[in-house]
Amino acid sequence: MTEHKNVQSTVKPKEIEIDAYSVWVNENISEITVTDENGEHIEYQFNQKQYSKDEYIMFLNDNNKELDDKLTDTQLAICEVYEMLEV
């Protein structure tokens, strides 16, 4: 993964963009006002992470495992509460 901070663009970026080789994740997108010789105009500033497609698949897989574990813990806790109410 390569991380780029304070990237600027005149076009509002999508949160996730995919090209032939990479997945680009754009975060903390904000509008900024830029003044130049032509006056003021709006640009966008954001942080950007570039993943290879394989890296991004592994990132998603790890996040899914974590969410599965949290869901299982929540389901077990709900079962415990339900069992306490049956008494």
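Predicted, not measured: the structure shown is a model, and the values here were computed from it. (Residues numbered from 1 in each chain as written. Predicted model: local features only at pLDDT ≥ 70, side-chain atom pairs only at ≥ 80, totals over all residues. Heavy atoms only, no water.)

(A) Main features of the packing of aromatic side chains. According to the stated counting rule, one finds 3 aromatic pairs in the structure shown. Put simply, the rings of Tyr51, Tyr56 and Phe59 pair up and form one aromatic cluster. (Phe/Tyr/Trp six-rings, centres within 6.5 Å; stacked < 30°, edge-to-face > 60°.)

(B) How the structure looks around the side chain of Lys49. Residue position: Lys49 is located in strand 4 (residues 39-52). The residues touching Lys49, leaving out its near neighbours within four places in the chain, are Met1, Thr2, Glu3, Val23, Trp24, Val25 and Glu27. (Helix = DSSP H or I, 4+ residues; strand = E, 2+ residues; numbered from the N terminus. Contact = heavy atoms within 4.5 Å.)

(C) Focus on the pairing of strand 4. Bridge count between strand 1 (residues 2-9) and strand 4: 6 bridges; the pairing is antiparallel. Looking at the pairing, His4 lines up with Gln48 of strand 4. Sheet topology places strand 3 (residues 22-36) next to strand 4; 13 bridges connect them, and they run antiparallel. Paired with Trp24 across the strands is Gln50, a residue of strand 4. With antiparallel pairing between neighbouring strands as the criterion, strand 3 and strand 4 make up a hairpin whose turn holds 2 residues. (Pairing = 2+ DSSP bridges.)

(D) Structural detail: the pattern of salt bridges. The tally for this structure, following the rule as stated, stands at 3 salt bridges. Close ionic contact of Glu3 with Lys5 constitutes a salt bridge, the shortest N to O distance being 3.3 Å. Between Glu27 and Lys49 there is a salt bridge, with its nearest N and O atoms 3.8 Å apart. One end of the pair, Glu27, is in strand 3; the other, Lys49, is in strand 4, and 22 residues separate them in sequence. (Salt bridge = Lys/Arg side-chain N within 4 Å of Asp/Glu carboxyl O.)

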